[in-house]
Amino acid sequence: GLAAAAPEVAAGWGAALAVAGAVSALVGGFAASASQDTKVLLAYSSVAQSGLIAIGIGAGMALLPAHPALAQLAFLGALFHTVSDAAVKGLLFLVAGSLQYRTGSRRLEDLGATHGVASAWNVYETPPELERKLDAVRRFGDEVIARYR
């Protein structure tokens, strides 16, 4: 590959990709924070997350000639972030669509008081047996914390 044939070129392209990723992460993050539409916010968030993934790939390319172990870590981090973001973002788009269906709006301003709507969803209601298990876990956590205070 390119890294084996011309490591300096690969490192240069990696640094350029990391810088482009940083710009994408910043622009996407700022645009997402300024958005009032849930789906647009998630789309800009995807731009920001793609920038973070590009930073990981670019860092891996830049580190590959001198530090192959660190490069592998960077590539692995980028891969992990890609998979986790894809799973989470898909679910978030489903939630945004569900909120739009239930409330008739995608605007964050209109969704400020959705707790009444959300409590009617079966998705958010925990079955009694799960609630008992969660309470047991909470009590155990409280006991552990109390021991170390």
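Residues numbered from 1 in each chain as written. Predicted model: local features only at pLDDT ≥ 70, side-chain atom pairs only at ≥ 80, totals over all residues. Heavy atoms only, no water.

Explain the pattern of salt bridges residue by residue, including any values.
Throughout the structure, instances matching the rule amount to 2 salt bridges. Close ionic contact of Arg106 with Asp37 constitutes a salt bridge, the shortest N to O distance being 2.8 Å. On the criterion of sequence distance, the pair formed by Arg106 in the loop between α4 (68–103) and α5 (115–118) and Asp37 in the loop between α2 (7–34) and α3 (38–63) is long-range, its members being 69 residues apart. On the basis of relative accessible area, Arg106 is assigned to the partly exposed category, the value being 29%. (Salt bridge = Lys/Arg side-chain N within 4 Å of Asp/Glu carboxyl O. Helix = DSSP H or I, 4+ residues; strand = E, 2+ residues; numbered from the N terminus. Buried < 20%, exposed > 50% of the residue type's maximum accessible area, 1.4 Å probe, protein only.)

A description of a nonpolar patch on the surface should follow, citing residues and the corresponding values.
On the surface, a nonpolar cluster with roughly 260 Å² of combined accessible area is contributed by Leu17, Ile57, Leu64 and Phe75. On the secondary structure map, Ile57 appears in helix α3. (Patch = residues over 30% accessible without salt bridge, like charges linked within 9 Å, V, L, I, M, F, W, Y side chains within 5 Å. Areas by Shrake-Rupley, 256 points an atom, 1.4 Å probe, with all protein chains shown as cover.)

A description of α4 should follow, citing residues and the corresponding values.
Across its 36 residues, α4 extends 51 Å between first and last C-alpha, which sits within 8% of the 52 Å expected from 1.5 Å per residue. Buried residues of α4: Ala71, Ala74, Ala78, Asp85, Lys89, Ala96 and Leu99, and no others. Elements that come into contact with the buried residues of α4 comprise α3. Just beyond α4, the residue with positive phi is Gly104, at close to 85°. (Expected span 1.5 Å × (residues − 1). Contact = heavy atoms within 4.5 Å.)

Could you give me a rundown of the environment of Thr38, with the residues and numbers involved?
Here Thr38 lies in helix α3. Sequence separation of Thr38 and Phe93 is 55 residues, and the distance between their C-alpha atoms is 8.5 Å. Not counting chain neighbours up to four residues away, the residues in contact with Thr38 comprise Ala96, Arg106, Leu108 and Leu111.

Go over the packing of α3 against α4 with me, naming the residues and quoting the values.
Contact pair α3 / α4: the axes reach a minimum separation of 8 Å and the direction vectors enclose 175°. In terms of their interaxial angle, α3 and α4 are classed as roughly antiparallel. (Axes fitted to C-alpha atoms, helices over the stretch in contact; angles between N-to-C directions. Parallel < 35°, antiparallel > 145°, perpendicular 65-115°, else oblique.)

Talk me through the confidence of the model for the protein chain; I want residue IDs and the actual numbers.
Taken over all residues, the pLDDT of the protein chain has a mean of 82, while the share at 70 or more is 81%. By mean pLDDT, α5 is the weakest element of the protein chain at 47, and α3 is the strongest at 94. For residues 115–124, every residue scores under 50 in pLDDT, and the model assigns this stretch 9 contacts once sequence neighbours within four places are set aside. (pLDDT = per-residue confidence, 0-100.)

Tell me about α3, and name the residues and values.
For α3, built from 26 residues, the straight-helix expectation of 38 Å at 1.5 Å per residue is met to within 8% by its first-to-last C-alpha distance of 37 Å. Within the sequence span of α3, burial applies to Thr38, Leu42, Ser45, Ala48, Gln49, Gly51, Ile53, Ala54, Gly56, Gly58 and Gly60. Of the surrounding elements, those touching the buried residues of α3 are α2 and α4.

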